[in-house]
Amino acid sequence: MSQTHRPVKGTRDLFGTEATGFLRIVNSASKMASSFGFQYLETPILESAAVFLRSLGDTSDIVSKEMYRFTDTGGDDLVLRPEGTAPIARAFVSLGLTHSTPLKVFYSGPMFRRERPQKGRYRQFYQFGVEVMGTDSPNADVEIIDLGLRILRELGLANKIQVRINTLGDQASRAVYRETLRSYFEARKSELSSDSVLRLEKNPLRILDSKAPEDQKPISEAPKLAQSLTEPATEFFGKVTKGLSALNIPFIIDDRLVRGLDYYNHTVFEFTTDHLGSQNAVLAGGRYDGLVEEMGGPKTPSVGWAFGIDRVHLLCEDSALKLTRVALIPASEQCYWPLYQLGREISDTELSVESTYSGALGKRLSKAAKTGADFALIMGEQEMNQGKVIAKNLKSGEQTELSSTDTSGLKAYFKK
Ligand code: HAM
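Treat the numbers as computed from the prediction; the structure is a model and nothing was measured.

Student: Explanation requested: the packing of aromatic side chains in the structure shown.
Tutor: For any two aromatic rings, the description comes down to two numbers: the centre-to-centre distance and the angle of the planes. One pass over the structure, following the stated rule, counts 15 aromatic pairs. An angle of 70° between the planes, with centres 4.9 Å apart, marks the rings of Y184 and F185 as edge-to-face. Ring plane angle 65° and centroid distance 4.8 Å describe the contact between F375 and F414, whose orientation is recorded as edge-to-face. Placement of the pair is F375 in strand β14 (residues 375-379) and F414 in helix α16 (residues 407-415), with a sequence separation of 39 residues.

Here's what the structure looks like:
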């Protein structure tokens, strides 16, 4: 017997309700991002390792232990992308878009990190993200937080999400803070995890992001960045929080929020939830004013976020993502194409209308019910001649005669 294969640990085949849910989430988010003026940009899954090494920071968890990095048979140092922002900044320069600012783009697709798999955490996971490239206006930070919330609200998640926000300040603020932290943690070096002792040399800010249990006490007592903020950095953050208040967006200022990637400055934020156990970050992002320069482009202050589609899907109620399925059942051959035409008119992204190909009426009905259709739309010659059609609820058995010319009435019947 030939060998059977399983998907690699931390990866999975998407099918059935999860696959349908993913499509619905991406469609809904894409529509909303387009309505805010964002354009779709798709970058390759494979990138040169150099795109991520410095930009994410060599002390970040991703670069130091989670990247799928390999040398291909031609000797190229490659990575399966662990995130989308550095590739977008690379593409912004490669595509020569540096004069088309501000440029607003969105993307979605698989990302790869070699983390320990658990509920809501995978090695191949999926993100939907947006980036605004080339503006230093704090209003852009507010606008994308608003966009993120609107997307999640549309998916019925408004009550499951908290917005947490913080500022990492500008370069000058961080230079002061880095030294303050260095001397603080130096004095408590013996309490730190070995990873954090390493971080102390290279980037003491990273220690604040540590999950190691022994690091938590020294972290909780560490000096706060707010005390090292320069005046312009304080002013910038003030404008962001004022903008959020102007839009009535509730938020929590979380001065421990530092994010795990090096490219951030000024605003950072996370949308968190209490419904996913330890994987509580659903959407995360912030401002990254120096990343494009790092990719060889001009100074391009930018801001963006990404949400985990897997996590959003776990949070969504089935009802928010479910497609209503309608099976077309012609009672005779003459009705097949008229019924088909009607089906095409009423179908949309939330209403899937499927043909049935063979069998007598009763057989088609029971097969449709068996394959999970919610309704049958039945047309015989009598109905056809009278401009009518019969809708049958396959779950309750209830049957109603409706007008076949009133397509919006029909749609409303199936969606109620
Ligand atoms: P991140 O915080 O690394 O940020 O990831 C963003 C989101 O991706 C997380 O909040 C989470 O929902 C999801 N995610 C991350 N890792 C996993 C995993 N192993 N399994 C399932 N879901 C996961 C970034 O990636 C930045 N590029 C976001 C950004 C865009 N910043 C500016 N623009």
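Past the structure itself, the notes keep going.
Student: Hey, could you run me through the site of the ligand in this one?
Tutor: For the ligand, the set of nearby residues contains 26 residues, the closest of which are E83, T85, E115, E131 and Y264. Take T85: an N or O atom from its side chain is 2.8 Å from a nitrogen atom of the ligand. At a separation of 2.9 Å, an oxygen atom of the ligand approaches a polar backbone atom of V282. Across the complex, the protein chains shield 96% of the 650 Å² of accessible surface that the ligand would expose by itself. The set of elements that each furnish at least two residues to the shell around the ligand consists of β6 (124-133), β10 (281-287) and β11 (302-308). Split into classes, the residues belonging to the shell around the ligand amount to 12 nonpolar, 7 polar and 7 charged.

Student: I keep staring at the packing of helix α1 (residues 16-35) against helix α5 (residues 138-154) and nothing clicks. Help me out?
Tutor: How two helices sit against one another is set out by the angle between their axes and by the gap between those axes. Contact geometry for α1 and α5: axes closest at 10 Å, N-to-C directions at 140°. Viewed along their axes, α1 and α5 form a crossing whose handedness is right-handed. Contacts between α1 and α5 involve S28, A29, M32 and A33 on the former and, on the latter, L147, R150, I151 and E154.

Student: Help me out: how do you make sense of α16 in this one?
Tutor: Side chains of residues three or four places apart in an α-helix project in the same direction, reflecting 3.6 residues per turn. Regarding α16, the residues found buried are L410, Y413 and F414. Buried residues in α16, looked at end-on, bunch into an arc of 95°, giving them a common side. Residues of α16 that are buried sit in contact with β12 (324-330), α13 (336-346), β13 (351-355), β14, β15 (388-393) and β16 (399-403).

Student: Please explain the environment of F106 as it appears in this structure.
Tutor: With respect to the helices and strands, F106 occurs in strand β5 (residues 103-112). Here F106 falls in the buried class, since its relative accessible area comes to 5%. A sequence separation of 20 residues divides F106 from Y126, and the C-alpha atoms of the two residues are 14 Å apart. Non-local contacts of F106, meaning those with residues more than four positions away in its chain, are made with S30, A33, S34, F38, Q39, Y40, L41, F128, G129 and V130.

Student: Please clarify how the nonpolar core should be interpreted in this entry.
Tutor: Here is a general trend for soluble globular proteins: nonpolar side chains tend to be buried in one another's company. Ranked by size, the top nonpolar core spans 47 residues in total, and within it F52, L56, M133, L181, F185, L208 and Y263 carry the most contacts. Ranked by size, the runner-up nonpolar core spans 44 residues in total, among them L157, I249, F269 and C316.

Student: Explain the sheet that holds strand β2 (residues 46-48) to me, please; I cannot follow it from the model alone.
Tutor: Strands pair in a sheet through their backbones, by hydrogen bonds, and they do so in one of two ways: parallel or antiparallel. In spatial order, the strands read β2-β4-β3; together these 3 strands make up an open sheet with antiparallel pairing. Strands at the two margins of the open sheet, each flanked by one partner only, are β2 and β3 (68-71). In this sheet, adjacent strand axes meet at a mean angle of 35° when their direction is disregarded. One ladder, built from 4 bridges, connects β3 with strand β4 (residues 77-80); its direction is antiparallel. Across the sheet, the residue bridging to T71 is D77, located in β4.

Student: How should the pairing of β12 be read in this particular structure?
Tutor: Side-chain positions along a regular strand alternate between the two faces of the sheet. Along β12, 6 of the 7 residues are buried, which leaves the element largely enclosed by surrounding structure. Sheet topology places β12 next to β13; 5 bridges connect them, and they run parallel. Within β13, the residue paired with L328 across the bridge is S355. In terms of strand pairing, β12 meets β14 through 5 bridges, oriented parallel. Across the sheet, the residue bridging to L328 is L377, located in β14.

Student: In this structure, what is going on with the packing of α13 against α16? I would like to understand it.
Tutor: Where α13 meets α16, the closest approach of the two axes is 9 Å, and the angle between their N-to-C directions is 70°. Taken as axis vectors, α13 and α16 run roughly perpendicular relative to one another. Residue-level inspection shows L342, E345 and I346 of α13 in contact with α16, the latter providing T407, L410, K411 and F414. Residues belonging to the contact of α13 with α16 are distributed by class as follows: 4 nonpolar, 1 polar and 2 charged.

Student: How should the sheet that holds strand β7 (residues 162-167) be read in this particular structure?
Tutor: Read across the open sheet, the 8 strands follow the order β1-β5-β6-β11-β10-β9-β7-β8; overall the sheet is mixed. Sheet topology places β1 (39-40) and β8 (252-253) at the edges, where each strand pairs with a single neighbour. One ladder, built from 10 bridges, connects β5 with β6; its direction is antiparallel. Note that in β6 the partner of F112 across the bridge is Q124. Contacts from α5 reach β5, β6, β7, β9 (265-272), β10 and β11, with the element oriented near 15° to β11. The sheet contacts of helix α9 (residues 231-246) involve β7, β8, β9 and β10, and relative to β7 the element is tilted by about 160°.

Each value, and the rule that gives it
- Residues numbered from 1 in each chain as written.
- Predicted model: local features only at pLDDT ≥ 70, side-chain atom pairs only at ≥ 80, totals over all residues.
- Heavy atoms only, no water.
- Phe/Tyr/Trp six-rings, centres within 6.5 Å; stacked < 30°, edge-to-face > 60°.
- Helix = DSSP H or I, 4+ residues; strand = E, 2+ residues; numbered from the N terminus.
- Near = heavy atom within 4 Å.
- Polar contact = N/O pair within 3.5 Å; in protein donor to acceptor, adjacent residues only side chain to side chain.
- Areas by Shrake-Rupley, 256 points an atom, 1.4 Å probe, with all protein chains shown as cover.
- Nonpolar A, V, L, I, M, F, W, Y, C, P; charged D, E, K, R; others polar.
- Axes fitted to C-alpha atoms, helices over the stretch in contact; angles between N-to-C directions.
- Left-handed = near helix turned anticlockwise from the far one by under 90°.
- Contact = heavy atoms within 4.5 Å.
- Buried < 20%, exposed > 50% of the residue type's maximum accessible area, 1.4 Å probe, protein only.
- Arc of directions from axis to C-beta.
- Core = buried A, V, L, I, M, F, W, Y, C linked by side-chain atoms within 4.5 Å.
- Pairing = 2+ DSSP bridges.
- Parallel < 35°, antiparallel > 145°, perpendicular 65-115°, else oblique.

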